[in-house]
Structure formats: structure tokens, C-alpha cells
Amino acid sequence: MTMLAFTFLACLLVTVSGFINYQDLIPNGSIVPNPCRIGLWPAVGHLTAEGGTLRNTFGADFAAAGHTWTVALCQRDSDRDGVSNGAELGDPNCRFVPGFGGSLTAPQRHPGICEPIGSAACAWQNFSCPPIVPSPPFKQL
């Protein structure tokens, strides 16, 4: 049982640290806005903000590019919403270099989720925002 628990924890750490490392490889990767509600979407390449799910269109394109920010990936419109990945992530001139930055602006949109969600232009994507689950009330002791 102890070995199984250790293996599970090791896999969890690798999974969690995986997308955090990827954040540094794309412009503004740690501050991509959540298209569903106020907040951030840390797992930019996944269908959920927390990651650990299937890749979204940007995640698939990023993987196909060898997990490298290239001019082609920057200029691509992965989510087909009419805005390039670079413009959505704050690198409209495709000058970002991991570890050195570039002339970045704040990210405006999510490059892997067509926005506005639910619009006619985004009807092709099979995505809807997850429902907000309220926290259970606290019990007083």
C-alpha cells in the first residue's frame, strides 16, 4: 500500500509540475484569462483550467510544435476565433523568447477556447463553461 501511495504521489507531482513548466514556454502563460469567469486559466493547453484533461486546440498545436513557441504557432489561430494565438497571449509581434520575454502586453483572451463562448462564430467547438459549484456552508461548532 505504501508503494502504491508513493507512486500515485510521484505521478501527481509530475502531472502538476508539467503544465506549470509549460507556462514559462508561452507568452504570459501564467496569467491567461479564464474565458468562463473572472480569474485565470493556468492549464492553457487543456479543456479545464486545472489541467489533467484532454488538450484544447491550442494545447494540440503547442504539442505539435514540440512544446515550443514558434512564429508559426504565434501567428496561428488555434481556436478559430479570428485572433492569432500571439495576439491573444499578448505577443502580437511574435517576439517572445522563453527566459527573456519580449515586448509583451497583457493577455486578452484564451488561445485554445473560441470566444465568445456560445456565439454563432464559436458554434463549431464542443465546449461550454463548467458550472460554478458553490462551496458547502461552514458548520459552527
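Rules behind the numbers
Sequence order as written defines residue numbering, which begins from 1 separately in each chain. Whole-chain, interface and lining totals are the exception, using all residues; otherwise, since this is a predicted model, local features are given only for residues with pLDDT of at least 70 and side-chain atom pairs are given and counted only at 80 or more. The side-chain numbers reported here are obtained from all heavy atoms of the structure, hydrogens and water having been left aside. Per the convention used, a helix needs a DSSP run of H or I reaching at least four residues, while a strand needs a run of E reaching at least two, with both numbered from the N terminus. Whether a residue is buried, partly exposed or exposed follows from its accessible area with a 1.4 Å probe, protein chains only, as a fraction of its type maximum: under 20%, in between, or over 50%, in that order. Under the convention used here, a 1.4 Å probe and the Shrake-Rupley method define accessible areas, while residue burial counts only the protein chains that appear. To define a nonpolar core, start from buried Ala, Val, Leu, Ile, Met, Phe, Trp, Tyr and Cys residues and group those joined through side-chain atoms within 4.5 Å. The contact definition used throughout considers only heavy atoms, calling two residues in contact when any of these lie within 4.5 Å. Whether two aromatic rings pair depends on their centres lying within 6.5 Å, for rings of Phe, Tyr and Trp, where Trp uses its six-membered ring; planes under 30 degrees apart make the pair stacked, over 60 edge-to-face, and the rest tilted. The criterion for a charge sitting over a ring is simple: Lys NZ or Arg CZ within 6 Å of the ring centre, and within 35 degrees of the ring normal.

An unreviewed UniProt entry annotates the protein chain as Temptin-like originating from Biomphalaria glabrata.

Undergrad: Please provide a residue-by-residue account of the overall build of the protein chain, values included.
TA: If you tally the helices and strands in the protein chain, you get 4 helices and 0 strands. Across the protein chain, helices and strands are ordered from the amino to the carboxyl terminus as α-α-α-α. For the protein chain, buried positions account for 32% of its 141 residues. Accessible surface, the protein chain as shown: approximately 8900 Å² in total, 65% of it carbon and sulfur.

Undergrad: So what's going on with the nonpolar core? Residues and values would help.
TA: In terms of nonpolar packing, the biggest core is built from 11 residues, these being I26, V32, V44, F58, F62, W69, L73, C74, L89, C94 and F96. Going through the elements one at a time, helix 2 (57-64) and helix 3 (71-75) are the ones with two or more residues in this core. For C94, the residues in contact, after removing those within four places along its chain, are V71, C74 and Q75. Counting residues in hydrophobic clusters, the runner-up holds 5 residues, among them C36, W41, A49 and F127.

Undergrad: Give me the lowdown on the side chain of E115, citing residues and values where you can.
TA: Here E115 shows up in the segment after helix 4 (85-89). Aside from chain neighbours lying at most four places away, what touches E115 is P35, D81, R109, H110 and C122.

Undergrad: Can you break down the packing of aromatic side chains residue by residue, with the values?
TA: A full pass over the atoms with the stated rule returns 3 aromatic pairs. Ring geometry for F58 versus F62: centroids 6.0 Å apart, planes at 10 degrees, classification stacked. Here F58 and its partner F62 are both found in helix 2, 4 residues apart, which amounts to about one turn of the helix. Taken together, the ring pairs connect Y22, F58 and F62 into an aromatic cluster. Above the face of the W124 ring, R80 is positioned so that its terminal group lies 3.8 Å from the ring centre.

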